[in-house]
Amino acid sequence: QIPDYTAYEDMINAHLHRVTPVLVRTHADERFRVAPDAFGPLVEAQRLDAYLMSNPCNPTGQVVQGEALAERVRVARECDCTLILDEFYSHFIYTPEGRPAPGPVSAARYVEDVDRDPVLLVDGLTKCFRYPGWRLGWAIGPRDMITSLGCAASAVDGGPGQPVQRAALQVLEAARADQETRALRQVFARKRKLMVERLDEMGFKFADQSESTFYVWVNIEDLPAPLHNAERLFREALSRKVLTVPGKFFDVNPGQNRAGVSPYAQWMRLSFGPPEENVILGLDRLATLIEDAHHGSL
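What comes next concerns the included structure. (Residues numbered from 1 in each chain as written. Predicted model: local features only at pLDDT ≥ 70, side-chain atom pairs only at ≥ 80, totals over all residues. Heavy atoms only, no water.)

**A closer look at the overall build of the chain**
Secondary structure summary: the chain contains eight helices and eight strands in total. Since a compact globule built from 298 residues should have a radius of gyration of about 19 Å, the 21 Å found for the chain is in line with a globular shape. Across its three principal axes, the chain shows a C-alpha extent of roughly 65 × 50 × 50 Å. Buried residues in the chain amount to 38% of all 298 residues. Put simply, of all contacts in the chain between residues at least 6 apart along the chain, 70% involve residues at least 24 apart. Of the accessible surface of the chain, which amounts to about 17000 Å², a share of 53% is contributed by carbon and sulfur atoms. With 33 positive and 40 negative side-chain charges, the chain shows a spacing of 5 Å between the two charge centroids. (Helix = DSSP H or I, 4+ residues; strand = E, 2+ residues; numbered from the N terminus. Rg over C-alpha atoms; globule rule 2.2 N^0.38 Å. Buried < 20%, exposed > 50% of the residue type's maximum accessible area, 1.4 Å probe, protein only. Contact = heavy atoms within 4.5 Å. Areas by Shrake-Rupley, 256 points an atom, 1.4 Å probe, with all protein chains shown as cover. Lys, Arg positive; Asp, Glu negative; His and termini not counted. Charge placed at Lys NZ, Arg CZ, Asp CG, Glu CD.)

What follows is the structure, given as structure tokens:
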């Protein structure tokens, strides 16, 4: 007998209709981040029940850390606003000078009581540990919240297989995990420095140089025509086997309430995730493309 899920669908739809998404837009002159002293007033003014943030952030490469992150957790605790943090890039952290940071960033450092503080941390093996095919992740937060997540996950896909879970215990053993992620930061800091310097020479602009992840978020308005158009740059670069991502694909517009051209129409995301020789090859091809545009050869 096939069960009737109509009642469950009605219940879920009714709940979703009560959820009102609120867009918190950041701007280039703010380095695409919410200032620490602005977070509390934002939560109170918008009466937010939850705040979802990618930290470190894809695509901008920005990271909230130190006192700014402690303030986020404090506001969540005092305002009873659930802080949901995607920390999948937490080990891709660099110093302002572009060197590898000594360790990862996580809001876990500022949680006082895991069962009382309304903070949910989501992470996994895909990014920091470089095991994307394993499809294994985890969440840390209040017990009741984790129980609900577990029930939902078991109903959706049953979770990762036991062999993967057993192997993950070895990958996450403290000494091995620290060794792997330290090496990762050293290699990626070098690739980040290479990409930032080369893009700066080519005429790309930065709201702020990437402090985390393996992405660089750049403005293309000063590139020679027609490459100051993100879609045209995307197509021209792709014709030379270089993959870029136009900024508008990261434009969040809940309810489609904002009309007109995307505010990120002249922004692009580039990745220094591939092997270093591939990154160099891609940068060389971009440099040639821009030189051709300067000479009117496109």
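**A word on the pairing of strand β8 (residues 267-271)**
The side chains of a regular strand alternate, residue by residue, between the two faces of the sheet. Most of β8 is tucked away: four of the five residues are buried. With five bridges joining them, strand β6 (residues 215-219) and β8 adopt antiparallel strand pairing. Among the inter-strand pairings, Val216 is bridged to a residue of β8, identified as Leu270. Judged from the two bridges that link them, strand β7 (residues 245-246) and β8 form a sheet pairing that is antiparallel. Bridge pairing in β8 places Pro246 opposite Met268. (Pairing = 2+ DSSP bridges.)

**Comments concerning the sheet that holds strand β1 (residues 50-54)**
In space, the four strands of this open sheet follow the order β1-β2-β3-β4, with mixed pairing throughout. Looking at the sheet topology across the chains shown, the edges are occupied by β1 and β4 (137-140). Direction aside, the axes of adjacent strands within the sheet are offset by 15° on average. As defined by bridge partners, strand β2 (residues 82-86) adjoins strand β3 (residues 119-124) across four bridges and the pair is classed as parallel. Within the sheet, the bridge partner assigned to Leu85 lies in β3 and is Leu121. (Axes fitted to C-alpha atoms, helices over the stretch in contact; angles between N-to-C directions.)

**What to know about the packing of helix α2 (residues 36-46) against helix α3 (residues 67-79)**
Two numbers describe a pair of packed helices, the interaxial angle and the distance between the axes. One can describe the packing of α2 onto α3 by two numbers: an axis separation of 9 Å at closest approach and a directional angle of 20°. Judged by the angle between their axes, α2 and α3 are roughly parallel. The hand of the α2/α3 crossing is right-handed. The residues of α3 that touch α2, namely those facing Pro36, Phe39, Gly40, Val43 and Glu44, are Ala68, Glu71, Arg72, Val75 and Cys79. (Parallel < 35°, antiparallel > 145°, perpendicular 65-115°, else oblique. Left-handed = near helix turned anticlockwise from the far one by under 90°.)

**Side note on the packing of helix α6 (residues 174-202) against helix α8 (residues 276-294)**
Where α6 contacts α8, the axes come no closer than 11 Å and their chain directions differ by 5°. Looking at the two axes, α6 sits roughly parallel to α8. For the pair α6 and α8, contact is made by Arg190, Lys191, Leu194, Met195, Arg198, Leu199 and Met202 and by Glu276, Val279, Ile280, Leu283, Asp284, Leu286, Ala287 and Ile290, respectively. Of the residues in the contact of α6 with α8, the class split is ten nonpolar, no polar and five charged. (Nonpolar A, V, L, I, M, F, W, Y, C, P; charged D, E, K, R; others polar.)

**Remarks on the nonpolar core**
Of all hydrophobic cores here, the largest spans 40 residues; its most connected members are Phe92, Met195, Leu199, Phe204, Leu233, Phe272 and Leu286. Taken together, the elements giving at least two residues each to this core come down to α5 (162-171), α6, β6, α7 (230-239), β8 and α8. In terms of residues, this core owes the most to one element, α6, which gives eight residues. Beyond its immediate sequence surroundings of up to four residues, Phe204 is in contact with Leu199, Val218, Asn219, Ile220, Leu223, Leu233 and Ile290. (Core = buried A, V, L, I, M, F, W, Y, C linked by side-chain atoms within 4.5 Å.)

**Re the sheet that holds β7**
On the basis of which strands lie adjacent, the open sheet formed by four strands has the order β5-β6-β8-β7 and antiparallel pairing. Strands at the two margins of the open sheet, each flanked by one partner only, are β5 (205-206) and β7. Contacts from α6 reach β5, β6 and β8 within the one sheet, and its direction differs from that of β6 by about 15°.

**Remarks on the pairing of β1**
Alternating residues of β1 divide into Tyr51 and Met53, all buried, and Ala50, Leu52 and Ser54, none buried. Examined bridge by bridge, β1 and β2 share five bridges and lie parallel to one another. Looking across to β2, one finds that Ala50 is bridged to Thr82. Taken together, β1, α3 and β2 form a β-α-β motif whose crossover is right-handed. (Right-handed = clockwise from strand over helix to strand, strands pointing away.)

**Considerations on the pattern of salt bridges**
Per the stated rule, a full pass over the model turns up 19 salt bridges. Measuring nitrogen to oxygen at the nearest pair gives 3.7 Å for the salt bridge that ties Glu112 to Arg77. Residue Glu112 is found in the loop between β2 and β3, and its partner Arg77 is found in helix α3; the two are separated by 35 residues along the sequence. Each member of the salt-bridge network shares a partner with another, and the members are Arg31, Arg33, Asp208 and Glu211. (Salt bridge = Lys/Arg side-chain N within 4 Å of Asp/Glu carboxyl O.)

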